[in-house]
Amino acid sequence: MEMERIVLPPRGPLELPLSILEVGCAGRFELITQEEGPHGDRFPLTTLPHGLPPHTEDLASELEQRFLSSPDWLPIHHFERSHRFWPREKDIQSLFEVDVTPVHSTLQAERNPTTGELLGFREALVDNMGLSAKNSLSFQRAPGPPVEALRGSATNYPFWPGGMDEPSLEQIKTQEDQEEDIDFENDLLTVPPGWKKGVEFTRQELKASPGLLNLTHLLGALDTFELGASSDEEEKEKAEEGRKRTKKGKGAKAEEAPPAEPAPLQRANSLEELVLKEVTPAPKSAPQAAPAPTAASEPPKEQWAIPVDVSSPVDDFYKRIPDPAFKWPFEPDVFQKQAILHLEKHDSVFVAAHTSAGKTVVAEYAIALSQKHMTRTIYTSPIKALSNQKFRDFKNTFGDVGLLTGDVQLHPDASCLIMTTEILRSMLYNGSDVLRDLEWVIFDEVHYINDSERGVVWEEVLIMLPDHVNIILLSATVPNTLEFADWIGRIKRKKIYVISTLKRPVPLEHYLYTGNSQKTQNELFLLVDARGTFLTKGYYDAVDAKKERASKHSQTFGAKQPMHPGAGAGQDKNIWLSLIDMLRKKDQLPVVAFTFSRNRCDDNASMLTTVNLTTTNEKSEIHVFFQKCISRLKGTDRQLPQVLHMVDLLKRGIGVHHSGILPILKEVVEMLFSKGLVKILFATETFAMGVNMPARTVVFDSIRKHDGTNFRDLVPAEYIQMAGRAGRRGLDTTGMVIILCKSQAPEMADLHRMMLGKPTQLQSQFRLTYTMILNLLRVEALRVEDMMKRSFSEFHTRKDSKVHEHRIAQLSCILANMEASDLSGQLGDLEEYYHVVRELQETRELIQRRVMESMNGLKALSVGRVIVVKNQEHRNALGVILQVSSDAANRAFSTLVMCEKKLSEGDAAACKEAGSPSPPEVPLPDDLLHTKLFLPEGPCGHTIKKLGPSDIFGVTNKTLRVNAERILEDFKKRQMPRFRNDPPGPSAATATQELLRLAEGSPEGLPLLDPVNDLQLKDLEVVEGVVKARRLEEALLGFQCVHSPRFHTEFVRFRERQQVLEELEQLRFLLSDQSLLLLPEYHQRVQVLRSLGYINEGGAVELKGSVARQISNHELLLTQLLLDNALTDLRPEEIVALLSCTVCQVRTRVEPQLPSVLQKGIEHIRSVAEEIALLQRKCGLQESVEDFVEQYKFGLVEVVYEWARGMPFAEIARLTDVQEGIIVRCIQRLDETCREMRNAARVTGEPTLHAKMEAASNMIKRDIVFAASLYTQ
């Protein structure tokens, strides 16, 4: 649209040049005054090149109008309008522009340290500039945007983990300098790749062959010949110098040896003597073995776990803390006071105490302390339900408390945040700014680290926590608290104070119950009293009661009737009715009945139709409370069968609590139980993990449970955790624990072990996950190997690292002072000879060990068998076996061994003291190939020794008939001082003479039993060992070094040096990454990631890896599905239904009715899972393909699909046999997966999938499944 030009009449001389400029297209004008140009040019009337922007006009008509209807518009007519441009001015300076440099310095206030008075300001240099969350792990980096302050961002670097040495600026600079600085004298390589030898550029002195006089050596000596000093003075000076050197050597052994000077020419009377002296050097003594590090030279042992004495009272508690951060209405216990004292000193503590002992007091004080210091606290718990309960408790106490779980985020800016451990792990990896002002992290229920599935999360969090954060660990009693605390202290480089108490506030009494009717309802037998004494009388009384009833039963119904009084449901009902009646009469309600099956919990509660434990007022209170709680549910959800059934049970004082119950109903049950309105609660083990909800009595329906693989008895830790719910502090003097004997009474040994046994130790469940590897690989400064080194599983091998380093320093010094062996001439093959001998000895030891472990070997080593004994005392001496111990682990053979007469008389010790130490043994081929038997030089004696498998060199094919018992008795008698000089008995003398006869008859050795041919050992390792030993024996004959006169000395020297080198190598291996247990698996997992393209050859994380990092579980499968575009074409409800396979862990017996799209989706997911599993196997991982594919269960696909399409929950529950509570939990976890997939889609730039995942999340987030927790209202 073209604007018409307005023609104005010529202006008068007095008229001002006015013009109106249209600015933009919004109808805004500006008045301007500008002179007209010489050619009548004026200022443009609009800032737009062609007037107002064109409206949407048909392109064809516009072209027709512009170019065909009015050709005068074409550029040839008005060239000045077509050629419009603005000339660009050159600005060379703009090329040099850089971002504004961050400020190099900051102002710091200077104050009077005593009064705090402000004295002035000084400028201080800032080291770390230009740091951000994308390039630095330092706390000096600038905080991220407020949106990412809480959970961080997947692109952020984590903060530097505490305990790892953060490299300083100087270290980084030094490292760079070292990389750049090349020493052209020492650092150049001389051996090309693939070559065995290279060019030696060092100047080497020519060695003269022995027997010839080195003329250059003589001439060099003459050049340095000095006149003036007499020979006596020279000798004095040399002696003085020698003394100084020895002193220096003794005082500072660790110092390096001074450089060797050329040996001075020795004084001689003639030239011939000089030659002889050179040719035959003085024999050098063999070097001493590397001495073991003495106690004085060992580094001081580090102690990171410090046990705190809680036996004596803390009298000066209020003097030391006059103004405590938090006050309780009761007086804290000693262990609580000790913990509070350490919290005030900013120490980390580990509190291990029984359930209900009051560990929460420590957590409360830490929260109060952080509020006083205006810092933050994070409280982590293993399960979401526990987080919700703690939120309510702490909210009532402190007010300023927030909650973070997978689907809920309340008050995220509060000073105390309660969350699950997984969320804290994600915050640590994502560099959340909450960590900056974090003072305490409280880990509740730390014994959960034993959980095989989730235990690794605790270890990751403890390793990744920054240095300034203090740790509080709360745990049930475990045997290895000090060991666990020592591990944490070692990795965080800070002291951990261990406060452990075994005292129960309310002692427990354990009973067996055998009653099953009105008549026998009082059959309750005390098994363990309040002092912890096991009463066997109670156990036998219970067994007798069961027997008596069984005999009466057989008299009445005949002996052939079934003898299982606990088999039928009716019998179960009678037991429960009589038990509840007895407990009600004894006023022992409320009671928690632990039952290890969800179905049995429901059945037990349902069959008690006649039980009514509540008064009219209590019924009314329960009804009002229940209606108030479910008022937030919509109409159909209030009429669910489970809701109606539960209200009927609760009104009669009966509750049910397990994972199959709807979460809102579980919370109703918990709240009513804590108010004392639920009198009997049938619960599974998870109830014992919850907050402090004690009862007066705990009943065990059974002491056997199914742990996912098979049935087993409860372990002490499980039993103690559940039994600990009995006894309410301040209300009961003792807590009653009852075990029902439905059929037979359990075995006494099982009961004793379960009740009084040691709880399970804290054990590492550390394992590598792909997410962990990807999270650490993207940060160059953090290595996966460092994470593995610091895991609890590596603690035992790594705790002595300081001792190892100290020993390496010692051995390096010893090695530097050792003289290298001279392997010239005949001794050229000495090194190879040493290795062959060593290998032969090791192979023979292995074969001997296998013989000892085999059945045939043990049969051969029976009484009377003649063996060859070889140890420090006896060298190839014959012996005869007299007795074999029955202990398979440490088998010992009592053997009569032939020896010298004086040794048998007990003078061995005296001989050892008087005589010099025996020269070190040097193995010669003859000794190794022929067992030259020991023959006494004087009269033949004997001794009886207990030999281990390593002392027996060989088993001969000879046996002797001996009276073993008489020989042993005779030897035992002669050990007494009175009978020491008595002659040996006839049996012993005969056996000794027989052995001597055998030895004299075959001095070169008796034939030994062959492990393969004689003992019939067909084990592959043994057969290969025998073949290898024969090959090595043949090789021994070809060595020349054994003929050298210097062989003995040089072999000993070489062996000493090799032993030091081997020990050094072993210690260096233990300190290196190569000794890590999980290192092979790490390399295999990296290979999987590389094959899939998640990381490149250099180990840098690629786009696929960045996608996988967004997903916490089943990251490989979900990433592959996302990148294959397998989900993009599906509808949101179909996507979320298929993803349910990653969160569903239950098997269903109902076959779901699925549309074909979902059937294809399931097949595709299975095929992708199979591809991943096959790749893992190819890369060396152990998990089988079947197990990997089977972990994805599709039983709830139909349920989730219909739920996403809007079907009410009542109809959903009818589609499957899975219980309602499990369906809810599955859909809740699915929402977390949807959010992770949405973020992953954002990373790949998939807006369609991003929108679909958002829609899917919204579709499932409704009604009873996502009803808010009652604890958060």
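Residues numbered from 1 in each chain as written. Predicted model: local features only at pLDDT ≥ 70, side-chain atom pairs only at ≥ 80, totals over all residues. Heavy atoms only, no water.

- Per an unreviewed UniProt entry, the protein chain is named Helicase SKI2W isoform X2, and its organism is Podarcis lilfordi.
- Here is the UniProt Catalytic activity (unreviewed entry) comment for the protein chain, exactly as written: "ATP + H2O = ADP + phosphate + H(+)".
- The protein chain has a UniProt comment under Subcellular location (unreviewed entry) that states "Cytoplasm". (UniProt positions renumbered as here; feature names shortened; annotations may be inferred.)

### Here's the deal with helix H19 (residues 641–651)
Here is step 1: Among the residues of H19, those classed as buried are Gln642, Val643, Met646, Val647, Leu649 and Leu650. For H19, the angular spread of the buried residues around the axis is 165°, confining them to a single face. (Buried < 20%, exposed > 50% of the residue type's maximum accessible area, 1.4 Å probe, protein only. Helix = DSSP H or I, 4+ residues; strand = E, 2+ residues; numbered from the N terminus. Arc of directions from axis to C-beta.)

### A word on the pattern of salt bridges
Here is step 1: Scanning the model with the defined rule gives 34 salt bridges in all.
Here is step 2: Two residues, Arg425 and Glu460, come together in a salt bridge whose shortest N-O distance is 2.9 Å. Of this pair, Arg425 sits in helix H11 (residues 421–429) while Glu460 sits in helix H12 (residues 455–464), placing them 35 residues apart in sequence.
Here is step 3: Given a relative accessible area of 2%, Glu460 falls into the buried group.
Here is step 4: The salt bridge partner of Lys679 is Glu618, with a shortest N-O separation of 3.2 Å. Of this pair, Lys679 sits in the loop between helix H20 (663–674) and strand S18 (680–683) while Glu618 sits in helix H17 (residues 616–630), and the two are 61 residues apart along the sequence. Side by side, Lys679 and Glu618 carry an identical accessibility label, which is buried.
Here is step 5: A single network of salt bridges, built from pairs that share partners, joins Glu685, Lys705, Arg712 and Glu718. (Salt bridge = Lys/Arg side-chain N within 4 Å of Asp/Glu carboxyl O.)

### A short note on the sheet that holds strand S27 (residues 952–959)
Here is step 1: Here we have five strands laid out as an open sheet, ordered S26-S25-S24-S23-S27, and antiparallel in their pairing. Both outer strands of the open sheet, strand S26 (940–947) and S27, are each paired with one neighbouring strand and no more. Averaged over all pairs of adjacent strands, the angle between strand axes in this sheet comes to 35°, irrespective of strand direction.
Here is step 2: Inspection of the sheet shows strand S25 (residues 893–900) paired to S26 by eight bridges, in the antiparallel sense. Among the inter-strand pairings, Ser894 is bridged to a residue of S26, identified as Lys946.
Here is step 3: Along the sheet, helix H32 (residues 964–974) contacts strand S24 (877–884), S25 and S26; its crossing angle with S26, the most-contacted strand, is approximately 100°. (Pairing = 2+ DSSP bridges. Axes fitted to C-alpha atoms, helices over the stretch in contact; angles between N-to-C directions. Contact = heavy atoms within 4.5 Å.)

### As for the environment of Glu1254
Here is step 1: The topology assignment puts Glu1254 in helix H45 (residues 1247–1260).
Here is step 2: Note on Glu1254: relative accessible area 30%, which makes it partly exposed.
Here is step 3: Between the alpha carbons of Glu1254 and Cys1234 there is a distance of 7.4 Å; along the sequence they are 20 residues apart.
Here is step 4: Looking at Glu1254, its side chain comes within polar contact range of the side chain of Arg1238, at 3.2 Å. (Polar contact = N/O pair within 3.5 Å; in protein donor to acceptor, adjacent residues only side chain to side chain.)

### Looking at the nonpolar core
Here is step 1: Ranked by internal contacts, the top residues of the largest apolar core, which has 218 residues, are Phe443, Phe484, Trp576, Phe700, Ile738 and Leu751.
Here is step 2: A per-element tally of this core places helix H44 (residues 1220–1244) first, with ten residues.
Here is step 3: Dropping the residues within four chain positions of it, Phe443 is found in contact with Thr380, Trp458, Val461, Leu462, Leu465, Ile471, Ile472, Leu473 and Leu474.
Here is step 4: One finds Val314, Leu343, Leu403 and Leu474 within the second-largest nonpolar core, a separate group that totals 37 residues. (Core = buried A, V, L, I, M, F, W, Y, C linked by side-chain atoms within 4.5 Å.)

### Quick notes on unusual backbone geometry
Here is step 1: We note that Met374 has phi near 60°; this positive angle belongs to a residue other than glycine.
Here is step 2: Assignment of secondary structure puts Met374 in the loop between helix H9 (360–373) and strand S7 (376–381).
Here is step 3: Of the residues examined, Met374 reaches a relative accessible area of 74% and is grouped as exposed.
Here is step 4: Positive phi outside glycine occurs at Asn1125, with the angle close to 60°.

### Structural notes on the sheet that holds strand S8 (residues 401–404)
Here is step 1: Pairing in this open sheet of nine strands is mixed, and the strands run S5-S13-S6-S12-S11-S7-S10-S8-S9 from one edge to the other. Strand pairing shows two members of the sheet lacking a second neighbour, strand S5 (305–307) and strand S9 (409–410), which therefore form its edges.
Here is step 2: Strand direction decides the pairing type here: S7 and strand S10 (residues 416–420), joined by five bridges, are parallel. Bridge pairing in S10 links Thr380 to Met419.

### Digging into a negative patch on the surface
Here is step 1: On the surface, Asp1124, Glu1170, Glu1171, Glu1183, Glu1186, Asp1187 and Glu1190 cluster together into a patch of negative charge.
Here is step 2: When residues of the negative patch are traced back to their parent elements, those giving at least two are helix H40 (1156–1178) and helix H41 (1185–1190).
Here is step 3: In terms of residue count, H41 provides more of the negative patch than any other element does, three residues in total.
Here is step 4: Looking at the element boundaries, Glu1183 is found in the loop between H40 and H41.
Here is step 5: We classify Glu1183 as partly exposed; its relative accessible area is 35%. (Patch = residues over 30% accessible without salt bridge, like charges linked within 9 Å, V, L, I, M, F, W, Y side chains within 5 Å. Areas by Shrake-Rupley, 256 points an atom, 1.4 Å probe, with all protein chains shown as cover. Lys, Arg positive; Asp, Glu negative; His and termini not counted. Charge placed at Lys NZ, Arg CZ, Asp CG, Glu CD.)

### A few points about the packing of H17 against H20
Here is step 1: Between H17 and H20, whose axes approach to 11 Å, the crossing angle comes to 150°. For H17 against H20, the interelement crossing comes out right-handed. Residues Ile622, Phe625, Phe626 and Cys629 of H17 form the contact with H20, whose own contacting residues are Ile664, Leu665, Val668, Met671 and Leu672.
Here is step 2: Of the residues assigned to the contact of H17 with H20, the class counts are nine nonpolar, no polar and no charged. (Left-handed = near helix turned anticlockwise from the far one by under 90°. Nonpolar A, V, L, I, M, F, W, Y, C, P; charged D, E, K, R; others polar.)

### Re the packing of aromatic side chains
Here is step 1: On inspection of all chains with the given rule, the structure shows 26 aromatic pairs.
Here is step 2: Pairing Phe1047 with Phe1051 gives two aromatic rings, centres 5.6 Å apart and planes at 45°, and the pair type is tilted. Placement of the pair is Phe1047 and Phe1051 together in helix H35 (residues 1047–1071), with a separation of four residues, close to one helical turn. Phe1051 shares its class with Phe1047; the two are buried.
Here is step 3: Three or more aromatic residues link up through ring pairs in this structure, and these residues are Phe326, Trp328, Phe330, Tyr365, Tyr379, Phe394 and Phe398.
Here is step 4: The side chain of Arg141 reaches across the aromatic face of Phe159, ending 4.0 Å from its centre.
Here is step 5: When the ring centre of Trp1203 is taken as origin, the NZ or CZ atom of Arg1262, which lies over that ring, is 3.6 Å away. (Phe/Tyr/Trp six-rings, centres within 6.5 Å; stacked < 30°, edge-to-face > 60°. Lys NZ or Arg CZ within 6 Å of the ring centre and 35° of its normal.)

### A few points about the pairing of S24
Here is step 1: S24 sits mainly inside the fold: six of its eight residues count as buried.
Here is step 2: Where strand S23 (residues 865–869) meets S24, four bridges bridge the pair, whose relative direction is antiparallel. When the sheet's bridge partners are listed, Val869 is paired in S24 with Ala877.
Here is step 3: Where S24 and S25 come together, five bridges link them in antiparallel fashion.

### Overview of the pairing of S23
Here is step 1: With five of its five residues buried, S23 lies for the most part within the structure.
Here is step 2: Residues Arg865, Ile867 and Val869 line one face of S23 and the alternating positions Val866 and Val868 line the opposite face, and both faces are buried.
Here is step 3: Bridge analysis of S23 against S27 gives four bridges, and the strand direction is antiparallel. Counterpart to Val868 in the pairing with S27 is Gly954.

### Considerations on a nonpolar patch on the surface
Here is step 1: On the surface, a nonpolar cluster with roughly 350 Å² of combined accessible area is contributed by Ile20, Phe29 and Leu31.
Here is step 2: Take Ile20: it is sitting in strand S1 (residues 18–23).

### Topic: the packing of helix H39 (residues 1132–1139) against H40
Here is step 1: Where H39 contacts H40, the two axes come as close as 10 Å, and the packing angle between them is 40°. One finds that H39 runs oblique with respect to H40. By crossing handedness, the relation of H39 to H40 is classed as right-handed. Residue-level inspection shows Glu1134, Ala1137 and Leu1138 of H39 in contact with H40, the latter providing Val1157, Leu1158, Gly1161, Ile1162 and Ile1165. (Parallel < 35°, antiparallel > 145°, perpendicular 65-115°, else oblique.)

### Observations concerning helix H42 (residues 1197–1204)
Here is step 1: By the criterion of burial, H42 is predominantly enclosed, with eight of the eight residues buried.
Here is step 2: Listing the buried residues of H42 in full gives Val1197, Glu1198, Val1199, Val1200, Tyr1201, Glu1202, Trp1203 and Ala1204.
Here is step 3: Where H42 is buried, its residues meet H39, H40, helix H43 (1209–1214), H44 and H45.

### Focus on the environment of Ile952
Here is step 1: Inspection of the secondary structure puts Ile952 in strand S27.
Here is step 2: The exposure class of Ile952 is buried, given its relative accessible area of 2%.
Here is step 3: Taking the C-alpha atoms as reference, Ile952 lies 9.7 Å from Arg849; in sequence the two are 103 residues apart.
Here is step 4: Apart from residues lying up to four places away in sequence, Ile952 is in contact with Gln848, Met852, Leu861, Ile867, Val868 and Phe893.

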